[in-house]
Every structure is written in structure tokens, then in C-alpha cells.
Amino acid sequence: MCGIIGYTGKKEAEEIMLDALEVLEYRGYDSAGIAVCGPDGGVRIRKCAGRVKDLRSLCERDGVEGACGIGHTRWATHGGVSDGNAHPHKFGKVTVIHNGIIENYKSLIGKYGLEAELRSQTDSEVAAAVLSHFYSGDPYAAIRKTVLKLKGTFAFGIMFDDIPGAIFAVRNVSPIVIAKTEEGSMMASDVTVLGQYSKDYFVLPEFHVAVLRADGTELYDMSGDAVEPEWLTVSWDVNRSSKGGYPFYMEKEIMEQPEVIRETIEPRIRDDMPDLEGDGIPDSLLSDCSQICVVACGTAMHAGLVGKALMQSLVKIHMDVELASEFMYTDSLVDGKTLVIAISQSGETIDTLEALKYAKRNGAKTLAVVNVKGASIARESDYVIYTNAGPEIAVASTKAYTTQLAVLYLLAGRMAYVRGIFGEKELKEFTSELRKAPAVMQTVLDRREEIHYIARGMLNAKDVFMIGRGLDYSILLEGSLKLKEISYIHSEAYASGELKHGTIALITEDTPVVAVITQDKVQSKEFSNIKEVQSRGAEVILFMKESYRLDQDAVWDSVFKLPAMRDEFMVLPVSAALQLLAYYVSLDKGLDVDKPRNLAKVVTVE
Ligand code: F6R
């Protein structure tokens, strides 16, 4: 989960790393640190609990000179949040930053008699100590011997006191990307941060050692043979990594949705129909499977739930959506006729990656829907469709989610066609409606102040319920997650019809209820369910299709009328509305919208 950066070149490393850590802060933000190899060869460390801005202040008071350094922003796993547990960790001649978890750190402490020598409670310092134990002048031998002793996941940036100007990198599962810049070499935990320095990067293969120097990078396998890196090009616009005048990334990313959805769907439409040939997806992948299973976590899993509702109604195929973290432990019934779709913004979520590997071992065909090019989940899958959302920096996912939905629409439409459920005419009509979605979403975004006004009524709520049926329920699960993660208000999404089976006991006049009605076939039932909560005193905030008529007898606290689309596409304008609702509640509560407490953007621990 942690962010890592390394730079060696002609410029001062401190400033470059502090800037990079600010961008990487979304990966973890409880402490930060840098180590710089000075002109005299000595390594100096500055680190502290707190944000990167605290580290910057520390460096302003007491900076470190040198053109080679490694830096880290932490999401604590082993060892609490403290200056001492912050990275980098130095042991003997070895300085280390680490992302991942060393599961056998306790047995390593015993085996190498480290107990009395460690100064932190982290598994990472243990890895530094083991490296130091094996280091006697040959860095490759020390790294090789160490990684053979480690159990768990790791991405390391390593400096040795007596090899000034060089950074070594090695990884298992946790990602590292390496770039060449005009005047040096850089490594990082993700490509978002490298885009402003270079367009050329490669993903460090697992169990390979890279050595970065000012004049370039060499790559070796575990036998010590040189390997040619597979260079990739950063495909997104670096301006997308800035806030672009918005107070928070989340607002910017919400507002970008019409554009990035267009960028996701338009290149995949030919002759007015979805065509996934450019992604290398053969129609046989979609026609030959007998069931589909999505594996994903959090928001990406919610995208899968919308996909399931679409696939089952349009394609008439059985589809499961599994929490990736549970998938391996529930005896899931995937086989050679199952198409497993792994959905992930980062492409690095370890639960999703492990679920995908499990599906492959069971013979399933695998397809990744991923935002970050070259990410582990993309590389592990048989096929990949990239969402063109660009970098998503806010911890709460917004545009990645709706571009995942866009891909699922393309897949559902194409699948219905290749399985003979849609003819050309139906597919063209479906595609034409999908193409309207960005403009329809834009009209919701343009009315964001109306939603801001509604949000003010929720600022003091302790509990919120969100109710809807069918696709509306699927989207509310996501709307509810968005609200709780950034506003810290407890919120639960409920299928409206289920409320009366127990949960309605919690409804009082202090519990605002957000209701969404956009599906014609359940419209009247949904209005009845709303009456049930209104008669128990709840204030109802209603998001409904503009063509529906309100019951004039009822008291309506807040109503937002959504521009109408075909029912199956209404999730897109509703998503935008619910994202804005959560955003404004968090903003008006004065919270750090982009970096909610306890969270990190990329979840690389199980
Ligand atoms: C919530 C959120 C998370 C992620 C989840 C999976 O706003 O962003 O729930 O969706 O951690 O992450 P990815 O999509 O990177 O696999």
C-alpha cells in the first residue's frame, strides 16, 4: 500500500522525492521519509510520523544534499505510527524502503539473532537487517540470498553505503516501475508519479534485480544474467495528475467523467457497434462461456454488481460477483467454461490478483478490466481491457468506477450480439444510448450546486439509509460506500423491499433516507417503500427519473430529478449525483476529502 520513490541523476534528490511523495501520498499517509546518499558517500535519513508536508518542513529545517535517494510514504501494517517506524530503515551499510508484508519476520529475527539490534517494530527493518547480514561487498548476492529467505510480498528500494549513486530494486507481487529520465533514473510504486519526468518506463519483473544509476538502468534475473527490460510508454496526459484548479482531486475526477467515459467507449465502437477486436478480445471468449464470475473489491466489486444485473437481463447468462478476498475460501465453482472478469482500478489489489490466479489454476478464462497500464492484474490475465480514466488520485474512486461500468456495457452489448440475443438493430440502439451517457452525466454535473444544497441537510446525520430496487440498489451500494468512506457517516444501502424484514426498526426522524427511483418496472413499489419510511418520520432525499410523478400527498424534503435515459443506463447519471452528494457532505464537514482516515489508494496487503 505504501508509496515508494527512488531517484539517481544529476539533480538534487531531496526536492524531486518530496514532490513525488506528495503525489504518491494517496498510497498511505501516516508517515513519510527519505534517505539521500550525499556527495561524500554517507547516507542521511529524514523521516517522521505525519504527512509529506511534515517531512517537507523537517527537510526545510535540516535538509539532505545529494543526487541519489529513496523515499517512502507509509500505510502502517506492522508497528504503529511513529517516527521510528517510518521508512527508510538503515541497518549496517544497508538502507531500505519497503512496500508489502514480510510474513516470516518473527522467525527471521530469531534465526539471525536480531532482537537486540532492531530499533523499530517493523517487518521492513528485519529485511534490512537480513540484507545487511548477507552483504559483504556484492549487492546482487546479498539481495538474492535475502529474497530467498523472505515469505510474503515486497517491493524494495535499497542503497548501500559503499555503492554511492546506485539504487537497487527487487520485488515480489508489490509493484515497482522504473523510468529513464533526461538526466537520470527513477523508480516508483506506480507510474502516476513518473509521468511528469519521463514517458518511458518498464515494470520490474518479479524476482529480478534492477540497478538504477544516473546513466541508466540494468536488469538481471536471479541467476545474474542480464535481461532486456520491456519498455512501455505512459499513455495518459500528465495534466490529469494535477488538481486543475479544483480544491480536491475527487471533485476534478467527478467532473472529468463525461470526457473519460467517451475516451473509454468511442475507440471501441465500429459501425455503431461495440467492437473489442482492438483489445484482442475474440468474440469466441464472449460466446463460448457458460457463466461469468467477477472478482473484485470495494467500488470495483460494485461495478461488477451493476454488470451482473446487465448481463443477466440482456445476455441471459448466469453471473456471480465474488468479493475477491473471499473467493478462494468459498469453494467457488469456476471451471474451463467460466469467464472470470477481474475488475480493478489500480490493477494491483492483492486480493483480486490472488483470486485471479486461483481462477486460472481452476481452468477459467480470465479477462481484466484495469485502469493502470501494465499493472499486475493486467499482466496476469489472458485478456485485458483498459479503462481510459487516466490517473485517479483521490482515494475514493469515482471516474474509475464509471469507466468500469462503461466497459461492462460494451461487453454486455457485444456479448448479447455474438450470442444472438441482439440483432444489429438492437445493438446499434443500445450503443447509441450508451454514447449519450456522457452528455446526460454532464447535465447532472452542471447542476452540482443543487446537490450541494441537498448535502447540507445531511451534515449532522449519524446514520443514513439508502434504498432502491434492482439496478438502483446496485448503484446505492456504491453511493453508500462513497458517503461513509469520505464523510465518516454510517450509511447502509438496502434493497427497499428488504427494509421491512428487520432494518426498518432503525428508521427514526434522525435517520435521513436517500432513495433512488429510476427503474420503470419497480417504480410504484418503490414509492410505497418510501412512504413506509416517511411514516416513521424519516426525511427522504429522493433522486428520481424526471418523467416520474410525485405523490402530492407526501411531504418531500429534497428531490433531485434526473435526466431520463433507457433504464439500464440510468446508473451513470445516478452515480454522478451520489458521488457529488458524498463529496459535498465531506467538503462541508471540513474533512480531507482526498485522503480519508485509515485508507490508502492501492491495497497490496491481504
Ligand atoms: C473506494 C475504493 C475501493 C477500491 C478497492 C479496490 O472508493 O476505491 O473500494 O475500489 O480498494 O481497488 P482497485 O480497484 O484498485 O482494485
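Here is what the cut-offs are and how they apply
Sequence order sets the numbering: in each chain, residues are counted from 1 along the sequence as written. The predicted origin of the model limits local features to residues at a pLDDT of at least 70 and limits the giving and counting of side-chain atom pairs to 80 or more, whereas totals for whole chains, interfaces and linings rest on all residues. Only hydrogens and water are set aside when side-chain values are computed; all heavy atoms of the structure are taken into account. Two rings belonging to Phe, Tyr or Trp (six-membered ring only in the last case) form a pair when the distance between their centres is within 6.5 Å. Interplanar angles under 30 degrees mark stacking, angles over 60 mark edge-to-face geometry, and anything in between is tilted. Partly exposed residues are those whose accessible area sits between 20% and 50% of the maximum for their type, while under 20% is buried and over 50% is exposed, using a 1.4 Å probe and protein chains only. Every helix listed is a DSSP run of H or I at least four residues long, and every strand listed is a run of E at least two residues long, numbered separately from the N terminus. The nonpolar core is taken to be a set of buried Ala, Val, Leu, Ile, Met, Phe, Trp, Tyr and Cys residues, with the residues joined through side-chain atoms within 4.5 Å. Here, residues are in contact when the closest pair of their heavy atoms is within 4.5 Å. Any residue with a heavy atom positioned within 4 Å of a molecule or strand is treated as near that molecule or strand. For the purposes of these results, a polar contact is taken to be a pair of N or O atoms within 3.5 Å, where, inside protein, one atom must be able to donate a hydrogen and its partner to accept one; residues adjacent in sequence count only when each atom of the pair is a side-chain atom. For the accessible areas, the method is Shrake-Rupley and the probe is 1.4 Å, while residue cover comes only from the protein chains on display. Put simply, Ala, Val, Leu, Ile, Met, Phe, Trp, Tyr, Cys and Pro go in the nonpolar bin, Asp, Glu, Lys and Arg in the charged bin, and everything else, Gly too, in the polar bin. Put simply, a salt bridge is a Lys or Arg side-chain nitrogen that is within 4 Å of an Asp or Glu carboxyl oxygen.

Visitor: Would you mind going over the packing of aromatic side chains with me for this structure?
Guide: A ring pair, where both rings are aromatic, is described by two values, the distance of the centres and the angle of the planes. Applying the stated criterion across every chain yields a total of 17 aromatic pairs. Considering the side-chain rings of F154 and F156, the 5.3 Å spacing of their centres and the 20° angle between planes classify their relative orientation as stacked. You'll find F154 and F156 in the same group, each marked buried. Geometrically, the ring pair formed by F154 and F207 is edge-to-face, given 5.9 Å between the ring centres and 90° between the ring planes. With F154 in strand β7 (residues 152-160) and F207 in the loop between β11 (200-203) and β12 (209-213), this residue pair connects regions lying 53 residues apart in the sequence. Relative accessible area serves as the criterion here: at 34%, F207 is assigned to the partly exposed category.

Visitor: I keep staring at the nonpolar core and nothing clicks. Help me out?
Guide: Ranked by internal contacts, the top residues of the largest apolar core, which has 97 residues, are M311, I341, Y409, L411, V514, F543 and L572. Here this core takes 12 residues from helix α18 (residues 571-588), the largest share from any one element. Residues in contact with L572, not counting those within four places in the same chain, are I261, T402, L405, Y409, L434, A437 and M441. I16, L58, L353 and Y358 belong to the second-largest nonpolar core, a separate cluster that totals 52 residues.

Visitor: Explanation requested: the site of the ligand in the structure shown.
Guide: Surrounding the ligand, one finds 14 residues, the nearest of these being S344, Q345, S346, T349 and E485. In this structure, S344 approaches the ligand through a side-chain N or O atom, which is 2.6 Å from an oxygen atom. Q345 is positioned such that a nitrogen or oxygen atom in its backbone is 2.7 Å from an oxygen atom of the ligand. When isolated, the ligand has an accessible area of 410 Å², and the protein chains bury 89% of it. Per-element tally for the shell around the ligand: the top contributor is helix α9 (residues 298-315), with three residues. Here the shell around the ligand is composed, by residue class, of five nonpolar, seven polar and two charged.

Visitor: For this particular structure, what's the right way to read the pattern of salt bridges?
Guide: With the rule as written, the count across this model stands at 32 salt bridges. Across the salt bridge formed by E354 and K357, the nearest N and O atoms sit 3.8 Å from each other. Within this pair, E354 and its partner K357 are both found in helix α11 (residues 350-361), separated by three residues, close to a single helical turn. Exposure remark for E354: the relative accessible area of 18% places this residue in the buried category. The salt bridge partner of K482 is E478, with a shortest N-O separation of 2.7 Å. Here K482 and its partner E478 are both found in helix α16 (residues 471-487), four residues apart, which amounts to about one turn of the helix. For the pair shown, K482 and E478 are each scored as buried. Shared partners join several salt bridges into a network, and the residues in it are E15, D19, E22 and R56.

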